[in-house]
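In case you want the letters, here they are:
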Amino acid sequence: MGSQEVSNADWQGKHVTVAGLGVSGIPAARALHERGALVTVVNDGDDERSRAQAAGLEALGITVRLGDGDTLPESTELVVTAPGWKPGKPLFQAAAEAGVPVWGDVELAWRLRGPDAAPWLAVTGTNGKTTTVRMLASILEAAGLRTAAVGNIGVSLLDAVLGDEAYDVLAVELSSYQLHWAPSLRADSAAVLNLAPDHLDWHGSMDAYAADKGRAYEGNRVACVYNAQDPATEDLVRAADVEEGCRAIGFTLGTPGPSQLGVVDGILVDRAFVENRREQAQELAQVEDVNPPAPHNIANALAAAALARAFGVEPAAVRDGLRAFRPDAHRIEHVADVAGVSYVDDSKATNTHAAEASLAAYDPIVWIAGGLAKGATFDALVTGAAKRLRGAVLMGADRALIREALARHAPEVPVVDLERTDTGAMSEAVREAARLARPGDTVLLAPACASMDMFVNYNKRGEAFADAVSELADESG
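Conventions used here
- Residues numbered from 1 in each chain as written.
- Predicted model: local features only at pLDDT ≥ 70, side-chain atom pairs only at ≥ 80, totals over all residues.
- Heavy atoms only, no water.
- Helix = DSSP H or I, 4+ residues; strand = E, 2+ residues; numbered from the N terminus.
- Buried < 20%, exposed > 50% of the residue type's maximum accessible area, 1.4 Å probe, protein only.
- Polar contact = N/O pair within 3.5 Å; in protein donor to acceptor, adjacent residues only side chain to side chain.
- Contact = heavy atoms within 4.5 Å.
- Pairing = 2+ DSSP bridges.
- Axes fitted to C-alpha atoms, helices over the stretch in contact; angles between N-to-C directions.
- 1 Å grid on protein atoms, 1.4 Å probe; cavity = no way out; pocket = protein on both sides within 12 Å on 5 of 7 lines; lining within 4 Å.
- Points joined across faces, edges and corners; volume = space filled by probe spheres on them.
- Nonpolar A, V, L, I, M, F, W, Y, C, P; charged D, E, K, R; others polar.
- Salt bridge = Lys/Arg side-chain N within 4 Å of Asp/Glu carboxyl O.
- Core = buried A, V, L, I, M, F, W, Y, C linked by side-chain atoms within 4.5 Å.

Visitor: Describe the side chain of N297, listing the residues and the values that go with them.
Guide: Mapped onto the secondary structure, N297 falls in helix α11 (residues 295-310). Residue class for N297 comes out buried when judged on its relative accessible area of 3%. Polar side-chain contacts of N297 include one of 2.9 Å to the backbone oxygen of P292. Among residues more than four places away in sequence, those in contact with N297 are T131, M135, V290, N291 and P292.

Visitor: I'd love a proper account of the environment of Q286, names of residues and values included.
Guide: Within the element layout of this structure, Q286 appears in strand β14 (residues 282-286). A sequence separation of 37 residues divides Q286 from R323, and the C-alpha atoms of the two residues are 9.5 Å apart. When sequence neighbours within four positions are dropped, the list of residues in contact with Q286 reads G266, I267 and L268. A distance of 3.2 Å separates a polar atom in the side chain of Q286 from a polar atom in the side chain of E283.

Visitor: How would you explain the sheet that holds strand β16 (residues 341-345) if you had to name every residue and give the values?
Guide: If you walk across this open sheet you meet the 6 strands as β15-β16-β20-β17-β18-β19, and the pairing is mixed. Among the strands making up the open sheet, the edge pair consists of β15 (333-338) and β19 (415-417). Across the sheet, the mean angle separating the axes of adjacent strands is 15° when strand polarity is ignored. Direction of pairing for strand β17 (residues 365-369) relative to strand β20 (residues 442-445): parallel, over a ladder of 4 bridges. Counted as the bridge partner of I365 is T442 from β20. Along the sheet face, helix α16 (residues 425-436) touches β16, β17, β18 (389-394), β19 and β20 and points at about 160° away from the line of β18. Those strands touched by helix α17 (residues 458-476) are β15, β16, β17 and β20, and its axis lies near 20° from that of β15.

Visitor: Got a sec to walk through empty space enclosed by the protein? Specific residues and values, please.
Guide: For the structure on display, the rule yields 1 cavity of 30 Å³ or more. By volume, the largest cavity amounts to about 60 Å³. Lining the largest cavity are 15 residues, with G370, G371, M395, F455 and R461 sitting closest to its centre. Among the residues making up the lining of the largest cavity, the classes are represented as 9 nonpolar, 4 polar and 2 charged.

Visitor: Which residues make up the pattern of salt bridges, and what values go with them?
Guide: Across all of its chains, the model carries 23 salt bridges by this definition. The partner of D44 in a salt bridge is K89, and the shortest N-O contact between them spans 3.1 Å. Taken as a pair, D44 in the loop between β2 (38-43) and α2 (48-58) and K89 in the loop between β4 (78-81) and α3 (90-98) lie far apart in primary sequence, 45 residues in all. The exposure class of D44 is partly exposed, given its relative accessible area of 42%. K89 sits in the buried class, given a relative accessible area of 14%. Residues joined in a network through salt bridges with shared partners are D44, D70 and K89.

Visitor: I'd like a rundown of the nonpolar core, residues and numbers included.
Guide: Core analysis: the largest hydrophobic core is formed by 53 residues, its most contacted members being W11, L32, V41, L108, W120, L170 and Y217. Residues M135, A272, A306 and L307 belong to the second largest nonpolar core, which totals 42 residues.

Listed below in structure tokens is the structure:
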């Protein structure tokens with residue numbers, strides 16, 4: 001099987017092992033089975049949910065092996081894996097030794113798309129992917145194009161490429177995991193928003209993580225969009241093998257140079273897709289058109305605009321799409337004002353890079369932080385935010401790491417250390433933050449940590465924050 005689309009005939013009787021039940025595994029197994037492949041699904045877990053999922057597939061004639069995700073079934077000619085499975089798993093080592101290729105769900109979708117398939121505009125980066133992809137889809141819709149935000153965003157790429165809906169273009173969010181397993185993906189244009197240490201336990205090193213992010217640029221036809229304020233992203237463009245004529249397009253929060261998008265006097269401007277980019281700049285939108293207009297979110301908007309402009313979208317559609325965009329919950333979401341204090345939920349800031357961007361958007365701040373650090377250190381984060389901090393309220397399993405960083409780099413900042421780890425701790429955290437805050441301050445939930453020590457996910461953590469703020473407002477009212 002080459003790097004081009006694979007016809008249905010190629011699957012007849014082919015032995016394919018699908019690694020993992022779940023969001024990507026089940027659609028992959030079904031799609032391959034429908035095309036005549038002999039599918040075996042292997043899964044690490046053997047719990048009640050897995051058994052129910054297995055029963056549904058077995059009713060179709062698909063073989064499922066629960067509790068055995070490490071053994072490569074005999075006769076396997078291809079492995080299709082869920083993106084989160086680590087490359088070092090014995091299953092993949094066995095596949096490598098047997099000369100069996102391993103694809104992810106993105107690679108499978110890329111291979112299964114039809115001859116007239118919609119081009120892909122791809123977005124990756126450590127932070128901001130989902131917001132940027134949704135902004136991009138909103139801009140493309142404002143331009144009258146049939147599109148969808150797909151990929152790592154919750155809508156299956158397989159469903160998008162195999163469904164009945166005819167798209168003009170797809171806005172595709174890609175994680176580093178997905179890119180690792182997508183060797184032949186060739187997007188029309190792609191953006192790498194930023195690079196910071198994340199998922200290093202999965203990739204093994206920062207270099208390996210960056211290399212997987214850089215795969216988004218491979219084979220780009222029109223534009224490689226990079227962050228002019230993050231040199232590592234430009235390095236990935238330089239290293240990429242792209243089609244002749246593909247351009248490097250930067251975005252910056254400062255004044256843009258030629259072949260860049262940037263900000264001038266509160267206006268988002270384009271000096272890349274204009275006739276005379278040395279002397280001309282095209283107004284795209286006002287900073288106030290970006291919701292919310294925090295610096296890192298303006299950067300997201302510029303990246304989305306660059307991809308849209310690379311696809312030929314007119315300036316007015318960029319403005320209209322940004323105005324129409326509404327961010328997902330728990331991403332710099334203004335919850336309420338209570339007694340002159342603003343309460344903002346950025347529970348999605350699950351790593352230090354995301355928290356850094358969030359902290360840069362407000363001043364002064366009472367910071368609610370903590371959770372599972374995932375190996376992160378907090379010295380650089382605290383050093384950068386110290387001057388804006390009115391106080392800090394710490395909670396969760398690894399809060400001591402943040403407390404120690406505050407003691408080293410912001411010793412004058414009052415810190416409340418909450419020992420309780422039940423979910424009710426959020427209510428106490430909000431009350432303590434309210435006690436520290438003064439009118440005009442922002443109480444910011446930007447944990448810089450994962451949530452699973454206390455909450456099911458970051459959504460539940462954000463909901464607990466909003467509930468606690470609501471309680472506070474009722475009592476103050």
